[in-house]
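# Structural overview for review
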Amino acid sequence: MDKNVRCELRINGCGSSKGGIFNTVKINGAGKIIGNVICRVFRINGSGIINGSLDTEDGKINGSGIVEGGIKAHEFIINGSGEIKGSIKGENVIISGSVEIAENLDVQNVKIEGSAKIGHDCNAEIFYSSGSFEVQGLLNADDIKIRLHDLKSQVTEIGGGKISVAIEASAGLKALKNTVNPVLESEVIEGDEIVLENTIAKEVRGTNVTVGRGCEIDLVEYKGIFRKTGDAKVEEERKV
Amino acid sequence: MEDELISKKELLEHTNISYGQLYRWKRKGLIPEDWFIKKSTYTGQETFFPKDRVLSRIDKIKNMKEDISLDELVDVFSPVFDKISLNVDEVAQRNIVTSEVLKIYLDFNGCGQVLDFNEILSVFILNKLIVSGDLNLDEGKILLEVLQEGVIKFKGIPCEVFLMRKLGVFFCFMASPPCRIYHDKGTRLIRRINMATVIEELKLKLI
């Protein structure tokens with residue numbers, strides 16, 4: 001299709017439309033799109049429902065959005081709340097609000113500043129979270145950086161290259177006052193370079209492992225160097 | 001018929017790769033999702049792999065890593081059918097199949113001068129089996145019919161071809177793993193061909 005003849009879909013106020021191929025799609029107010037949407041720019045300011053899948057280069061949900069299918073996007077930002085019944089595939093995804101993804105999140109870079117719930121796996125090259133998240137399956141990324149604030153994050157398995165979990169300075173202060181206890185829970189953590197704080201896990205396996213304050217680990221297996229700092233609790237450590 | 005399994009720990013030790021590499025290859029799809037087999041052991045849950053397949057795959061990844069990028073490797077290992085097509089002469093010239101088998105295939109199929117990936121794949125499998133003496137020409141035609149429709153029906157999902165013979169009568173079918181088969185004693189399983197493995201083999205020849 002010729003890119004020049006793509007038209008614009010705009011819902012101002014309240015309305016609904018069929019899906020299709022567009023240049024930009026903007027929902028200002030409350031809108032419902034029935035069918036799959038392919039567009040270059042996608043915006044929801046207000047509340048929007050897509051009864052299908054979304055394929056866009058640049059997408060943003062400010063407000064609330066529900067996508068019944070999956071999302072394919074180069075850039076996708078969720079500032080309000082999002083509910084995706086399929087998977088999100090893309091390059092860069094930023095979650096500053098809250099989002100629920102029923103299946104996978106497969107991206108190059110993901111940044112979670114709010115909260116995210118992922119039904120299956122999360123695959124990324126770079127995973128950064130300063131919010132909270134729940135991954136039902138595997139969190140697999142080359143570089144995983146988790147900064148714990150005041151909420152609990154949970155994942156079944158973590159695997160990757162560099163994995164670092166730390167308490168954010170301000171949260172640490174609150175933790176001292178016993179007001180909050182931010183923690184990361186995972187059954188298994190496997191990686192090359194692992195540095196942990198406030199992490200509860202059954203098994204941690206890696207080349208070099210550092211277990212810091214607030215950690216409770218049943219078993220650590222390491223190949224290179226193992227370090228334990230602060231009040232970390234490690235029941236068993238094994239050099240393999 | 002079950003594959004022998006290897007635990008993740010043994011695998012890393014044996015191949016000398018790190019967790020980071022294993023997870024990266026998993027992410028890229030170089031090691032298929034269905035090779036990660038979770039099993040409960042007395043120490044908790046552990047991940048196992050089909051030993052022979054994963055070892056040969058890792059060997060290939062390690063050996064090829066230097067000249068091609070990981071993303072290019074993904075194409076080689078993906079069971080998705082390519083948009084490659086070759087001229088009939090080229091298929092014979094590049095030693096993908098012998099010219100005799102190619103001729104049989106062309107007689108059977110009567111297609112034009114250009115073969116698409118599925119066609120190259122079918123004739124590649126046929127060639128393997130006829131050269132090894134597992135099939136005769138008529139049986140080969142039955143196989144081709146099954147392959148032609150099967151690769152379309154199973155498009156993209158892992159599948160295997162089973163070749164069997166009972167009282168001298170040949171038959172074959174395709175199935176998607178994991179599956180186990182059980183057959184009566186009079187039936188002989190001639191070959192069980194994993195499509196992903198053959199596709200991989202073929203793609204290496206096509207590079």
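The structure under discussion appears in the preceding block.
Residues numbered from 1 in each chain as written. Chains lettered and ligands numbered in written order. Predicted model: local features only at pLDDT ≥ 70, side-chain atom pairs only at ≥ 80, totals over all residues. Heavy atoms only, no water.

## Digging into the sheet that holds strand S7 (residues 169-175) of chain B
Residue and element names in this part refer to chain B. Operational definition: Paired strands, as defined in this entry, are two strands with at least two bridges between them according to DSSP. Think of it this way: any DSSP run of H or I at least four residues long counts as a helix, any run of E at least two long counts as a strand, and we number them from the N terminus. Lines are fitted to the C-alpha atoms to define the axes, a helix being fitted only along its stretch in contact, and any angle between axes, read from their N-to-C directions, falls within 0 to 180 degrees. Note on contacts: a residue pair is in contact if any heavy atoms of the two residues lie within 4.5 Å.
Spatially, the three strands line up as an open sheet ordered S7-S6-S8, and their pairing is antiparallel. Strand pairing shows two members of the sheet lacking a second neighbour, S7 and strand S8 (187-194), which therefore form its edges. Direction aside, the axes of adjacent strands within the sheet are offset by 20° on average. Here strand S6 (residues 160-166) runs beside S7; their pairing, made up of seven bridges, is antiparallel. The residue bridging Glu-160 from the neighbouring strand is Ala-175, located in S7. The sheet strands contacting helix H8 (residues 137-153) are S6 and S7, and the helix crosses S7 at an angle near 15°.

## Structural notes on the interface of chain B and chain A
The test is simple: By definition, the buried area sums, over both parts, the 1.4 Å-probe accessible area that each loses when the two are put together. Take a side-chain nitrogen of Lys or Arg and a carboxyl oxygen of Asp or Glu: if they are within 4 Å of each other, that pair is a salt bridge. Think of a polar contact as two N or O atoms within 3.5 Å of one another; within protein, one of them needs to be a possible hydrogen donor and the other a possible acceptor, and neighboring residues in sequence only count if both atoms come from side chains. Lys, Arg, Asp and Glu make up the charged group, whereas Ala, Val, Leu, Ile, Met, Phe, Trp, Tyr, Cys and Pro make up the nonpolar group; the residues left over, Gly among them, are polar.
In this complex, chain B contributes 15 residues to the contact, which on the side of chain A involves 22 residues. Of the roughly 1400 Å² buried between chain B and chain A on both sides combined, carbon and sulfur atoms contribute 38%. When the buried surface of chain B facing chain A is broken down by residue, Tyr-19, Tyr-23 and Arg-27 of chain B rank first, second and third, together holding 47% of it. The salt bridge partner of Glu-221 of chain A is Lys-9 of chain B, with a shortest N-O separation of 3.1 Å. One can count twelve residue pairs in polar contact (both at pLDDT 80 or more) joining chain B with chain A. Breaking the side of chain B that touches chain A down by element, the ones donating at least two residues are helix H1 (8-15) and helix H2 (19-27) of chain B. When residues in the side of chain B that touches chain A are grouped by element, the largest group, seven residues, is from H2 of chain B. Looking at the side of chain B that touches chain A, its residues break down into two nonpolar, five polar and eight charged.

## What about the packing of helix H7 (residues 117-131) of chain B against helix H9 (residues 195-206) of chain B?
Helix packing geometry: the angle between the two helix axes and the distance between the axes. Residue and element names in this part refer to chain B. Heads up, the rule is: Throughout this description, any angle smaller than 35 degrees is read as roughly parallel, any larger than 145 degrees as roughly antiparallel, any in the 65 to 115 degree range as roughly perpendicular, and the remainder as oblique.
Put simply, H7 and H9 touch, their axes get as near as 10 Å, and they point 105° apart. Taken together, the axes of H7 and H9 lie roughly perpendicular to each other. Residues Phe-117, Ile-120, Leu-121, Phe-124, Ile-125 and Lys-128 of H7 touch H9, and the partners they reach there are Met-195, Val-198, Ile-199, Glu-201, Leu-202, Lys-203, Lys-205 and Leu-206. In terms of residue class, the contact of H7 with H9 is built from ten nonpolar, no polar and four charged.

## What to know about the environment of Ile-33 of chain A
Residue and element names in this part refer to chain A. Position of Ile-33 among the secondary structure elements: in strand S1 (residues 7-51). Ile-33 sits 196 residues away from Thr-229 along the chain, and the two C-alpha atoms are 54 Å apart. With near-sequence residues (within four places) excluded, Ile-33 lies in contact with Leu-9, Ile-11, Ser-17, Lys-18, Gly-19, Val-25, Ile-27, Ile-49, Ile-50 and Asn-51.

## Topic: the nonpolar core
The condition that has to hold: In these notes, a set of buried Ala, Val, Leu, Ile, Met, Phe, Trp, Tyr and Cys residues joined through side-chain atoms within 4.5 Å is what counts as a nonpolar core. Exposure classes here rest on a 1.4 Å probe applied to the protein chains alone. A residue is buried below 20% of its type maximum, exposed above 50%, and partly exposed in between. An automatic or database domain assignment is the source of the domain bounds shown.
Leu-105, Phe-127, Phe-133, Val-204, Val-211, Ile-217 and Val-220 of chain A are the most contacted members of the largest nonpolar core, which has 59 residues in total. For this core, the leading source of residues is S1 of chain A, giving eleven residues. Residue assignment places this core across two domains, with domain 1 (1-103) and domain 2 (110-240) of chain A each supplying three or more. When neighbours within four sequence positions are excluded, Ile-217 of chain A is seen to be in contact with Leu-196, Thr-199, Ala-201, Lys-202, Val-204, Val-211, Lys-233, Val-234 and Glu-235 of chain A. With 37 residues, the next largest nonpolar core counts Val-91, Tyr-105, Leu-144 and Met-174 of chain B among its residues.

Limitation: the analysis is restricted to geometry and does not speak to function.
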